[in-house]
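# Observations on chain architecture
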Amino acid sequence: MWQKIKTYFWAHLIGLLMISGGWLLSIVNVGLDRGVYGINANGIAQRAIFTTPTVVGWILIILGAYFPEIWIAIKNRGQKS
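Residues numbered from 1 in each chain as written. Predicted model: local features only at pLDDT ≥ 70, side-chain atom pairs only at ≥ 80, totals over all residues. Heavy atoms only, no water.

This paragraph deals with the side chain of Ser26. Tracing the sequence through the fold places Ser26 in helix H1 (residues 2–33). One polar contact links the side chain of Ser26 to the main-chain carbonyl oxygen of Gly22, over a distance of 2.9 Å. Not counting residues up to four positions away in its chain, the partners in contact with Ser26 are Pro53, Thr54, Gly57, Trp58 and Ile61. (Helix = DSSP H or I, 4+ residues; strand = E, 2+ residues; numbered from the N terminus. Polar contact = N/O pair within 3.5 Å; in protein donor to acceptor, adjacent residues only side chain to side chain. Contact = heavy atoms within 4.5 Å.)

Quick look at the structure:
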């Protein structure tokens, strides 16, 4: 029983850390970049929202959401309930 609780706890903790890291990378990065302007041929323009850190953050959020259940399913594979 204790092993099952530890498996669930660590899986969900890692998932939460992945979601938090993805949020930090994507949302906060975009928020901090909104005040930075660049100059192009047409004048002043804001930076793009879809950057590499944003996409990596979204991937981390999605992986963090599904990681715990995938890990638990792999750990419980072959065990009788």
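There is more to say, and it comes next.
Under the defined criterion, the tally for this structure stands at two aromatic pairs. Where Phe9 meets Trp10, the ring centres are 5.3 Å apart and the plane angle is 70°; that geometry is what we call edge-to-face. (Phe/Tyr/Trp six-rings, centres within 6.5 Å; stacked < 30°, edge-to-face > 60°.)

A few words now on the side chain of Thr7. Examined against the element boundaries, Thr7 turns out to sit in helix H1. A distance of 2.9 Å separates a polar atom in the side chain of Thr7 from the backbone oxygen of Gln3.

So, on to a nonpolar patch on the surface. A cluster of nonpolar residues, Ile49, Phe50, Val55, Trp58, Ile59 and Leu63, forms a patch on the protein surface that exposes about 590 Å² of accessible area. Looking at where Ile59 falls in the secondary structure, it is placed in helix H2 (residues 52–76). (Patch = residues over 30% accessible without salt bridge, like charges linked within 9 Å, V, L, I, M, F, W, Y side chains within 5 Å. Areas by Shrake-Rupley, 256 points an atom, 1.4 Å probe, with all protein chains shown as cover. Salt bridge = Lys/Arg side-chain N within 4 Å of Asp/Glu carboxyl O.)

Relative to the helices and strands, Ile72 is located in helix H2. Taking C-alpha positions, Ile72 is 6.8 Å from Tyr8, a pair spaced 64 residues apart along the chain. The residues contacting Ile72, other than those within four sequence positions of it, are Thr7, Tyr8, Ala11 and His12.

If you check H2, its first and last C-alpha atoms are 35 Å apart, about what 25 residues at 1.5 Å a residue would give, namely 36 Å. Phe67 marks where H2 bends most, by close to 40°; the proline Pro68 follows one to four residues later. By the burial criterion, the buried members of H2 are Thr54, Gly57, Gly64, Pro68 and Ile72. Positive phi appears at Gly78, one or two residues downstream of H2, with a value of about 85°. (Expected span 1.5 Å × (residues − 1). Bend = angle between axes of the 7 residues up to and from the residue. Buried < 20%, exposed > 50% of the residue type's maximum accessible area, 1.4 Å probe, protein only.)

All we've got here are geometric facts, nothing functional implied.
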